[in-house]
Amino acid sequence: MALMTGEQYIESLRKLNLQIYMFGEKIENPVDNPILRPSLNSVKATYDLAQMPEYEDLMTTTSVLTGEKINRFTHIHQNTSDLIKKVKMQRLCGQKTAACFQRCVGMDAFNSVFSTTFETDAKHGTHYHENFKKFLQYAQENDLTVDGAMTDPKGDRSLAPHAQADPDLFLHVVERRPDGIVVRGAKAHQTGIVNSHEVLVMPTISMGEDDKDYAVSFSIPTDTEGIIMIIGRQSCDTRKLEGSSIDVGNSEFGGVEALTIFDDVFVPNDRIFLNGEYEFAGVLVERFAGYHRQSYGGCKVGVGDVLIGAAAVAAEYNGAQRASHVKDKLIEMTHLNETLYCCGIACSAEGSQTNSGNYMIDLLLANVCKQNVTRFPYEIARLAEDIAGGLMVTAPSEKDLRDPKLGAYIDKYLKGVNSVTTENRLRILRLIENLTLGTAAVGYRTESMHGAGSPQAQRIMIARQGNLAMKKKLAKAIAKIEE
């Protein structure tokens, strides 16, 4: 089964025995939980879209391992065309869900680990690359959703992993056995792990020899004994319990994150991809960060398309669509959104082949892409809120709208243009609220800042990749300076 349907994906998750906790209670049926289900639907969309002929070229491709048709989210990039189609696919998924669809992290981890294990084996004579290819083939053949887990809690940022007061603040190996390793620690902000079949763990920073027990990469099923997931709170999350399709804003789709604990978890030898080769920890981090920063030039742009459209609809429903300042704001939102897309396409088109054969994006341009993402969505959101007006955050609930007595007042006094129902006006305003302030804001506004590394991380890479020495030589040559 190279391609699952959306319904097959849902049923595959029912078979997992995940240890998920939320609001102090264990969630026995996460698939049908009203708070978690919208995030599951977002992943389901990546399976549904792959079944549609009109999206086949973007959503599917051919496996280099088996020659079979696979979902692009499990693909190893073979050329710059693959890198470009990845960004276009992510924009499409963002447009269809207006939320985080969660499979990007696994795809970016696949490609990062693929090339890094190849180079690790070349230096150390290990067998990590073969281990990883076997795992990847398994993921492709079963069309699995794989969570990429990189971010450790980190504790005291001024201290290396081995120097922390609590050694578990970075995930590390606590025991080595003939048949595998035992790991302990946690991974924070794990988007989509509750909707994943497997978790692919990677180190989170560059490391020295004293940190070799922390230089570990592996993949195991998400229901492996010792893995515990604690759901993070989101603004307006309990609105999903009320059964209102209006108040949630985006009632079908969403995203969810979890603090994921690894409480002495066993990893068999054939699932280990890095185990103490500390000099490759930074290589893996840098490559994953680059791929994931490229991703933001697609997914955030797709969600931005929805937000721009919602703002335009709100302007029409308010009767303000002809105002010059509204037109200008929509132009500015579009300009910013398309600039992000340009960066995603540019770093893809400038990609190059690694020693392992897969393709890597241009790291400088990928970091420029993400640096812009830490800024532009905030301005897009601000302008959307400006156009929407204050009713976006002061509107009564759907229960009030449906009330036999109160509903008449709401319908009368919250109407915009006469040809549009009050209900539809409230629906579009709640969607904007969801995208800028509510549960979707976690996957759009705030994640734009901190996902794939917060702004300073990109600035460090831009300084490293910017080749200032070459630019100084160019200037001196033009100025005819001889030293």
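Keep in mind the model is a prediction, meaning the values are calculated, not measured.

### Let's talk about the domain arrangement of the chain
- What the domain assignment lists for the chain is domain 1 (6-278) and domain 2 (283-471).
- Once you take the C-alpha centre of each, domain 1 and domain 2 turn out to be 24 Å apart.
- Taking both sides of the interface into account, the surface hidden between domain 1 and domain 2 amounts to around 4,200 Å²; carbon and sulfur atoms contribute 62%.
- The tally of links between domain 1 and domain 2 comes to 5 salt bridges.

### Considerations on the pattern of salt bridges
- All chains considered together, the criterion is met by 35 salt bridges.
- Two residues, Lys85 and Asp57, come together in a salt bridge whose shortest N-O distance is 3.0 Å. One end of the pair, Lys85, is in helix α4 (residues 80-97); the other, Asp57, is in helix α3 (residues 56-59), and 28 residues separate them in sequence.
- Across the salt bridge formed by Lys123 and Glu279, the nearest N and O atoms sit 3.2 Å from each other. One end of the pair, Lys123, is in helix α5 (residues 104-124); the other, Glu279, is in the loop between β12 (272-275) and α7 (281-318), with 156 residues separating them in the sequence.
- The exposure class assigned to Glu279 is partly exposed, which follows from its relative accessible area of 27%.

### A few points about the packing of helix α8 (residues 324-349) against helix α9 (residues 363-373)
- Viewed as axis vectors pointing N to C, α8 and α9 meet at an angle of 165°, and their least axial separation amounts to 8 Å. The pairing of α8 with α9 is recorded here as roughly antiparallel in orientation. Handedness of the α8/α9 crossing: left-handed. Residues Leu340, Cys343, Gly344, Ala346 and Cys347 of α8 pack against Leu365, Ala366, Cys369, Asn372 and Val373 of α9.
- Split into classes, the residues belonging to the contact of α8 with α9 amount to 8 nonpolar, 2 polar and no charged.

### Comments concerning the UniProt feature "domain: HpaB/PvcC/4-BUDH C-terminal" (unreviewed entry) in the chain
- Under the feature "domain: HpaB/PvcC/4-BUDH C-terminal" (unreviewed entry), the UniProt entry names residues 282-479.
- Counting secondary structure, residues 282-479 comes out at 78% helix and 2% strand; the distance between its end C-alpha atoms is 39 Å.

Thresholds, definitions, all that
Residues numbered from 1 in each chain as written. Predicted model: local features only at pLDDT ≥ 70, side-chain atom pairs only at ≥ 80, totals over all residues. Heavy atoms only, no water. Domains from an automatic or database assignment. Buried area = accessible area lost by both parts, 1.4 Å probe. Salt bridge = Lys/Arg side-chain N within 4 Å of Asp/Glu carboxyl O. Helix = DSSP H or I, 4+ residues; strand = E, 2+ residues; numbered from the N terminus. Buried < 20%, exposed > 50% of the residue type's maximum accessible area, 1.4 Å probe, protein only. Axes fitted to C-alpha atoms, helices over the stretch in contact; angles between N-to-C directions. Parallel < 35°, antiparallel > 145°, perpendicular 65-115°, else oblique. Left-handed = near helix turned anticlockwise from the far one by under 90°. Contact = heavy atoms within 4.5 Å. Nonpolar A, V, L, I, M, F, W, Y, C, P; charged D, E, K, R; others polar. UniProt positions renumbered as here; feature names shortened; annotations may be inferred.

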